[in-house]
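Architecture and fold: a report
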Amino acid sequence: MFFTCGPNEAMVVSGFCRSPPVMIAGGRVFVMPCIQQIQRISLNTLTLNVKSEKVYTRHGVPISVTGIAQVKIQGQNKEMLAAACQMFLGKSEPEIAQIALETLEGHQRAIMAHMTVEEIYKDRQKFSEQVFKVASSDLVNMGISVVSYTLKDIHDDQDYLHSLGKARTAQVQKDARIGEAEAKRDAGIKEAKAKQEKLSAQYLNEIEMAKAQRDYELKKATYDIEVNTRKAESDLAYQLQVRHFLSEWTFAKASAYARFSSLRVAKTKQKIEEQKMQVLVVERAQQIQIQEQEIIRKERELEAKVRKPAEAEHYRLEKLAEAERSQMIMQAEAEAEAIRMKGEAEAYAIEARARADAEQMAKKAEAFQQYQDVAMVDMLLEKIPEMAEEISKPLTATKKITMVSSGAGDVGAAKITGEVLEIMNRLPDTVEKLTGVSITQQMNQKKPGRMN
């Protein structure tokens, strides 16, 4: 009778002719009733919830740890399957899971007792790897392999872990305050730079406005002096004209006296006006001098805050550009020198090859002069294979040949080969007609100076 099982199950057949028992993982087997027995064992993956409550760590702090483990019986490994059959054959999955759970819990407690709370809490990966390593070596002897182990939860009843978190929380808050202060500092620096640029532009604008105001005041003072002078002259001329008309109606003495008095009065008024204008000119000059001093002060301030740093930066960039230019010039000179040396080497090699070719041609010419017809025959014999290659080259490039036979002579490839050989047989006659040298005669003659 045949029995089958899926890939998640193994069968063990024992009894007649089955010593030792046969173990089949995922397949079929023939069992003879009454004299043979078949048993099954599950190969399913078991999920274990490994809890260790109130375990004292290395420093005596009680904590509780929960881990999740995946275990299964290995059906592909015959030795592990045989060990599992010896340990668990006839047991159900819950019973196998309970045995594996108690083993894992014992190892988990042992690892917890050798570590501190900080090590377990901060380096969960290390804790999981240690439990996995120790438990795997023990469960393998039972035929069970640990597929995975993960630390799920850590807690305690003394608020020890909560106290550890407070220090980290305080550190994070401190870092946040430091970051905020640094951000404000950077913002203040950028704001100060912006204000400095704004003040520089404002100072430049005020300097230009002060220069324009100064030019305006100077021109206005010049125009005022000219206008007042012309006005005084006009008033004086008008008064003189009035006095002239009055002198015609008065006595000559009175006219002369009046004219003299008017002239003196006019001169006095003119002097007074000139003195007033001089006072105005002095005041304008003082104002202009004050404005010029203010312009000089603002120019110096601008030079100290803007121009000097700009000139320093310009000088630094200029030096960097000069250094880079020098480096590029030196690199270009080095590349040019390398190209020149390479060109000289290539020229020397070409010259040497040309000299060797010239010597070879000279020796060939001497040999041709010495042996004459024999040398020419030798040269022709060297070229005959190349001529044969050129004659047969069209045939090598031919993809398809259609043969038409009249019934006489060779047919097929023999015909083509014969035609090629016929062409080759005609070559000596063709060479003799072109050069006057008979290859056959030269080959038959035996001269003392004949070339080999």
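You'll find the structure just up there.
Structural notes, computed from the coordinates. Given the structure is predicted, the values throughout are model-derived calculations rather than measurements.

1. Some points on the sheet that holds strand 8 (residues 144-155)
Strand order across the open sheet formed by three strands is 6-7-8, with antiparallel pairing between neighbours. The outermost strands of the open sheet, each flanked by one partner alone, are strand 6 (46-56) and strand 8. Going from strand to strand, the sheet's axes swing by 20° on average, the running direction of each strand aside. In terms of strand pairing, strand 6 meets strand 7 (residues 62-73) through nine bridges, oriented antiparallel. Counted as the bridge partner of Ser-52 is Val-65 from strand 7. Each of strand 7 and strand 8 touches helix 4 (residues 124-139); the most contacted strand, strand 8, lies at about 145° to it.

2. Observations regarding the nonpolar core
Counting 39 residues, the largest nonpolar core has Leu-48, Val-71, Ile-73 and Phe-127 as the members making the most contacts within it. Only strand 2 (9-15), strand 6, strand 7, helix 1 (78-88), helix 2 (93-113), helix 3 (117-122), helix 4 and strand 8 provide two or more residues apiece to this core. Per element, the largest residue contribution to this core is seven residues, and it comes from helix 2. Core analysis: the next-biggest nonpolar cluster, separate from the first, contains six residues, Met-11, Val-13, Ile-24 and Val-31 among them.

3. Observations concerning the environment of Glu-118
Structurally, the position occupied by Glu-118 is in helix 3. Glu-118 gets classed as partly exposed once you look at its relative accessible area, which sits at 23%. Expressed as a C-alpha distance, the spacing of Glu-118 and Tyr-160, which sit 42 residues apart in the sequence, is 9.9 Å.

About the criteria used
Residues numbered from 1 in each chain as written. Predicted model: local features only at pLDDT ≥ 70, side-chain atom pairs only at ≥ 80, totals over all residues. Heavy atoms only, no water. Pairing = 2+ DSSP bridges. Helix = DSSP H or I, 4+ residues; strand = E, 2+ residues; numbered from the N terminus. Axes fitted to C-alpha atoms, helices over the stretch in contact; angles between N-to-C directions. Contact = heavy atoms within 4.5 Å. Core = buried A, V, L, I, M, F, W, Y, C linked by side-chain atoms within 4.5 Å. Buried < 20%, exposed > 50% of the residue type's maximum accessible area, 1.4 Å probe, protein only.

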